Amino acid sequence: MAESPQKYIYYSIAASIITMFLKTWAWYVTDSVGLLSDALETLVNLSAALFALATLTLALKPADDDHAYGHGKAEYFSSGAEGMLILIAAVGIVYASIERFLSPSVPQNLGIGLGIALLSSVVNYVTAKIMLKGAKVHDSIILEADAKHLLTDVWTSVGLVAGLGIMLFTPPSWSFIDPVIAMIMAGNIVFTGFSLIKKSYSGLMDNALPHEELVIIDSAIRSCSGEDALYHGLRTRKAGSHRFVDFHLLLSGDSTITDSHNLCTEIEDCIKSDLRNCHVTIHVEPKEDVASYDCEETGGLCGSMIRLKEKFGDKD
């Protein structure tokens, strides 16, 4: 039985609960606004993981009468929502930092608090690495987004510990370091949030598959139809882990239906052998008919466009 990608979300939920407890404890013993910001981000991690679990369960549902292409796009809603939650957490951190600037306070028991924070970072790091492997295996943007979120949490926590560690060797007048570090963390969190939202937006807007995957498709067509194969109107998109490919293939008008069908099946199998979860639709046209050359009407790419970009790069 195939491994379920949902189990990786359970890892994330467990890690979020553990680290939320540890970071809240660290903030409690130190009264550091920097550690408070770290704890707030962990609360966002937990909320995002729970939302990701619900969304991934929906995305894995098979196609039905109302969703003929499946439910894969639900994954993009999760990554977008996670980005929004991160931005909300950043606002909370900025607010707490401003309050600390207005009412300075020297953190207490920093050594203990920083040790606890480092322990929570180890938990997040191990979990994130496991989830990134799962994201690669299942080609899941939800797992990738959640894993990268946890890794961001790790690096912000390490930076926080390094910054606050300075206060162990400085006089009380240096207490301003605490809210300054919190503000820097907020900026980093905002960057992560916008990155996730951008990736979610790209998926919902049906961006084309990356160029390296277009090259695989082009190579598959030419390996089956010959180096001089003619096709156009290549359109691609991705919904969750599912790829959708369609194009117009120009063949000799003397080709029989059976020959055309067998060639299309061979091309489809070749593409699917290199691109997982790929759904291919091929429209056959006679290359002798002028009406077949309707690339501008159908949109998409043709083989020469892909090979030119491969040779000279993207000039846009």
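Residues numbered from 1 in each chain as written. Predicted model: local features only at pLDDT ≥ 70, side-chain atom pairs only at ≥ 80, totals over all residues. Heavy atoms only, no water.

Draft legend 1. Quick peek at the pattern of salt bridges. Applying the stated rule across the entire model yields five salt bridges. Among the ionic pairs, Glu 227 bridges to Arg 222, the shortest N-O distance being 2.5 Å. Through salt bridges with shared partners, a single network forms among Asp 218, Arg 222 and Glu 227. (Salt bridge = Lys/Arg side-chain N within 4 Å of Asp/Glu carboxyl O.)

Draft legend 2. Geometry of the pairing of strand β3 (residues 278-286). Looking at chain direction, strand β2 (residues 242-251) and β3 are connected through nine bridges and run parallel. Bridging across to β3, Asp 246 finds its partner in Thr 281. (Pairing = 2+ DSSP bridges. Helix = DSSP H or I, 4+ residues; strand = E, 2+ residues; numbered from the N terminus.)

Draft legend 3. Structural view of the environment of Thr 57. Summarising the element assignment, Thr 57 is placed in helix α2 (residues 33-59). Take Thr 57: its relative accessible area is 39%, and that puts it in the partly exposed class. Polar contacts involving the side chain of Thr 57 include one to the side chain of Gln 6, which spans 2.8 Å. One polar contact links the side chain of Thr 57 to the main-chain carbonyl oxygen of Leu 53, over a distance of 2.8 Å. (Buried < 20%, exposed > 50% of the residue type's maximum accessible area, 1.4 Å probe, protein only. Polar contact = N/O pair within 3.5 Å; in protein donor to acceptor, adjacent residues only side chain to side chain.)

Draft legend 4. Focus on a nonpolar patch on the surface. A contiguous nonpolar patch, built from Tyr 11, Leu 118, Val 122, Tyr 125, Val 126, Ile 130, Trp 155 and Val 158 and spanning about 720 Å² of accessible area, is present on the exposed surface. When contributions to the nonpolar patch are tallied by element, the ones reaching two or more residues are α4 (110-138) and α5 (141-165). If you tally residues by element for the nonpolar patch, the top one is α4, at five residues. Examined against the element boundaries, Val 122 turns out to sit in helix α4. (Patch = residues over 30% accessible without salt bridge, like charges linked within 9 Å, V, L, I, M, F, W, Y side chains within 5 Å. Areas by Shrake-Rupley, 256 points an atom, 1.4 Å probe, with all protein chains shown as cover.)

Draft legend 5. Broad picture of unusual backbone geometry. Even without a glycine there, the phi angle at Asp 31 is positive, about 60°. Residue position: Asp 31 is located in the loop between α1 (6-30) and α2. Despite not being glycine, Asn 277 has its phi angle at roughly 50°, a positive value. Examined against the element boundaries, Asn 277 turns out to sit in the loop between α8 (257-274) and β3.

Draft legend 6. Local environment of the packing of helix α7 (residues 211-225) against α8. Where α7 contacts α8, the axes come no closer than 9 Å and their chain directions differ by 145°. In the packing of α7 onto α8, the handedness of the crossing is right-handed. Counting all contacts with α7, which are made through Ile 216, Ile 217, Ala 220, Ile 221, Ser 223, Cys 224 and Ser 225, the residues of α8 involved are Leu 263, Glu 266, Ile 267, Cys 270, Ile 271 and Asp 274. For the contact of α7 with α8, the class distribution of residues is nine nonpolar, two polar and two charged. (Axes fitted to C-alpha atoms, helices over the stretch in contact; angles between N-to-C directions. Left-handed = near helix turned anticlockwise from the far one by under 90°. Contact = heavy atoms within 4.5 Å. Nonpolar A, V, L, I, M, F, W, Y, C, P; charged D, E, K, R; others polar.)

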